[in-house]
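Topology and contacts: notes
These are the residues of each chain, in order.
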Amino acid sequence: MSAPNVLFFSRDPGATNQLVAVYELLCRSSDSDVPAIEKLRECLAVSDDTTPNAIIVGKKYALDVWRTAGIQAENGEETTPQHLIEARNISLVITGTDDIDEPDTAQLWQTAQMANIPVAVFLDNLVNLEPRFRTRDGKLITPDLVFALDHHSVETLTAAGIPAGNLHTTVNLHLARLSRIAKDNAGARENLRAQWQAGEASQVVLFASENTTEMASLGRSAPYDEHAILKALIEDIANSQPIGSLTITPGKALVVIRPHPRDAAGKYDTYAQAANPTIRISAAGSPLEAILAADVIVGMDSALLFEAQALDCPALSLVSTSKFNKIFA
C-alpha cells in the first residue's frame, strides 16, 4: 500500500508554526507518541512505520515560516481551494486557523469535505476562535478533527456548534518544537544583538507588536491599543520604572520593536527618532532568535510571549486581562 498524500495549507505565521511541528512529527518520524499525531494516523489508517507524503502549500507569511524551518512549500497565492484538492489524490487536509481576512482556509475545509476528504485543524491561539470557523458568508464549517490548546477553547467551539466528538485538546506542538531546537541557536543572541547595535551592557527590551489597528479596520476590535501600550512602556523606561522584575537603566535600555508580519508598512517609523530610551524597529532573525537575543520580551497577548515562556526567557504582558496573564501571572 502506497503512503497517503496529506495536504498542509496555511497563510498566517501562527497557524504555520503549528503545521511545521505537525509535519515533522507526522511526515518525518514514524515513532511519535503524541496523541494528536496518533489521531491523524488513525484518520489516515496507516501503520506506525508509514510516513505520509506531504504536499505543502502556503500563502504570504506562511512561506517564510516554512522556509525558516528548512522546508519547501508551494506558493498558493494564485490557487483556489478547488485547485488544491483536484488531481492530487489527497487523503487528509491539515490546516491551522487563519484570521478572518483569509477566507480560503475555511473554504478549503468545505471543498475537501464535499470531496469526502477529512479535515484536521490545529489551533494556535486562545482568542477570537469562532469567526475562524466560518466562511465569508457566515456559514459554520465543522472540521473532522479540531485540536484546541485548552478546555476553554473546546467549550467555546462546542457552544459555537462544532460537535464535541470532533474536538480534542493537545499540547502546543509548536512550543514543544521550539524547546527541542533552541539548543541549535546558540549563536543567535550575539549575532542578532550585533544587528540591533546593542552594546555589551545594553538591556534589550523586545516589544512584540500585534496588528490590532489593522484588524480593527476590518471590523474586529481589540481590548487594547498597541500604540498606547508601547508609549506607556517607553515612558516607564524613561522614568526608570521596572519592567516586570527587571530594573531597566534608561541609559542602557534598548527597545526593539518587532513588527507583526501583518502590520502596515512603516507603522512604527516615528518611534525610531526617540533618544531615551534608544529604539530600533527590526524584524531581523526568526522569532526564536529574537527571544534568545533579548533580555525581556514584552507585549500584549502575542504568541511571542508564550514562546518566550516555553523557553524560560523573561516575558511580560502589559495587559492585565490578557490570556497570557491569566495563565502565567
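The structure reproduced in this document is the subject of the present report.

1. Things to note about the sheet that holds strand β2 (residues 53-58)
Spatial strand order, β3-β2-β1-β4-β5-β6-β7: 7 strands in an open sheet with parallel pairing. Looking along the sheet, the strands with just one partner apiece sit at the ends: β3 (74-75) and β7 (167-169). Here β2 pairs with β3 via 2 bridges, running parallel. Residue pairing across strands places Val57 opposite Glu74, the latter belonging to β3. The strands touched by helix α1 (residues 13-27) are β1 (5-10), β2, β4 (90-95) and β5 (119-122); relative to β1, the strand with the most contacts, the crossing angle is about 165°. Seen against the sheet, helix α6 (residues 151-160) touches β6 (145-148) and β7 and runs at an angle of roughly 170° to β7.

2. Structural notes on the environment of Thr158
With respect to the element layout, Thr158 can be found in helix α6. Its relative accessible area of 34% is what places Thr158 among the partly exposed residues. Counting along the chain gives 77 residues from Thr158 to Glu235, while the straight-line C-alpha distance between them is 43 Å. Once residues within four sequence positions are removed from consideration, Thr158 is found in contact with Ala164 and Leu167.

3. Let's talk about the side chain of Asp98
Inspection of the secondary structure assignment puts Asp98 in the loop between β4 and α5 (104-114). Of the side chains with opposite charge, Arg11 comes closest to the buried, unpaired Asp98, at an N-O distance of 5.1 Å. Looking at Asp98, its side chain comes within polar contact range of the main-chain nitrogen of Arg11, at 3.2 Å. Within the structure, Asp98 has its side chain in polar contact with the side chain of Thr105 (distance 2.6 Å). When near neighbours in sequence (up to four residues on either side) are disregarded, Asp98 contacts Ser10, Arg11, Asp12, Ala15, Thr105 and Arg132.

4. Considerations on the packing of aromatic side chains
Going through the model one piece at a time under the given rule, you end up with 9 aromatic pairs. Judged by centre distance (6.4 Å) and plane angle (75°), the rings of Phe8 and Trp66 are edge-to-face. Highlighted residues: Phe8 in strand β1 and Trp66 in helix α3 (residues 61-68), separated in sequence by 58 residues. Across this residue pair, the class does not change: Phe8 and Trp66 are buried.

What counts, and at which threshold
Residues numbered from 1 in each chain as written. Predicted model: local features only at pLDDT ≥ 70, side-chain atom pairs only at ≥ 80, totals over all residues. Heavy atoms only, no water. Pairing = 2+ DSSP bridges. Helix = DSSP H or I, 4+ residues; strand = E, 2+ residues; numbered from the N terminus. Contact = heavy atoms within 4.5 Å. Axes fitted to C-alpha atoms, helices over the stretch in contact; angles between N-to-C directions. Buried < 20%, exposed > 50% of the residue type's maximum accessible area, 1.4 Å probe, protein only. Lys, Arg positive; Asp, Glu negative; His and termini not counted. Salt bridge = Lys/Arg side-chain N within 4 Å of Asp/Glu carboxyl O. Polar contact = N/O pair within 3.5 Å; in protein donor to acceptor, adjacent residues only side chain to side chain. Phe/Tyr/Trp six-rings, centres within 6.5 Å; stacked < 30°, edge-to-face > 60°.

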